[in-house]
Amino acid sequence: DLWRAEKRWYARATPAAQQRARSVYVALFRLRCALTGRSFAKEVAAYGGSRGMEFHHDVHDWMGGFPYESVEPAELVSRLRAQGFEPESGPTRGTPIGLFGSGCDEFRFRRARTS
């Protein structure tokens, strides 16, 4: 898939090529902010509070996260239930295309009560 190929390439790229790729991503993110009437500077300033990581560091981390492994929602729920957890919410979808959002399912689980 597209993201597997991107992450494989990025992980093997030179630092200069990685920097160029990050610059392209950030430029596209700036364009998205402009097209949606949001301030890029405000988005970046607030990013750490919502994501827990500085924006530019997160871009590098996200682009280079390879190898990675994905799981179907039903399999995740099954595995966590087997470990004593129950889903509280989810799955919820992020941005479907994944370019400016994860596109990943998000869940919240709680430890199942035992009698």
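It should be noted that the structure appears before, not after, this text.
What counts as what
- Residues numbered from 1 in each chain as written.
- Predicted model: local features only at pLDDT ≥ 70, side-chain atom pairs only at ≥ 80, totals over all residues.
- Heavy atoms only, no water.
- Helix = DSSP H or I, 4+ residues; strand = E, 2+ residues; numbered from the N terminus.
- Buried < 20%, exposed > 50% of the residue type's maximum accessible area, 1.4 Å probe, protein only.
- Contact = heavy atoms within 4.5 Å.
- Arc of directions from axis to C-beta.
- Salt bridge = Lys/Arg side-chain N within 4 Å of Asp/Glu carboxyl O.

Attention shifts here to the side chain of Q18. By the element assignment, Q18 lies in helix α2 (residues 15-35). A relative accessible area of 13% means that Q18 is categorised as buried. Apart from the residues within four sequence positions on either side, Q18 is in contact with Y10, A11, A13 and H60.

With that out of the way, let us pick up helix α1 (residues 2-12). The set of residues buried in α1 consists of E6, K7 and Y10. Angularly, the buried residues of α1 cover 95 degrees about the axis, an arc narrow enough to put them on a single face. On the buried face of α1, the contacting elements are α2 and α4 (55-63).

Inspection of every chain in the model, using the stated rule, returns 4 salt bridges. Residue E75 is joined to R79 by a salt bridge in which the shortest nitrogen-to-oxygen separation is 2.7 Å. Of this pair, E75 and R79 both sit in helix α5 (residues 73-82), separated by 4 residues, roughly a single helical turn.

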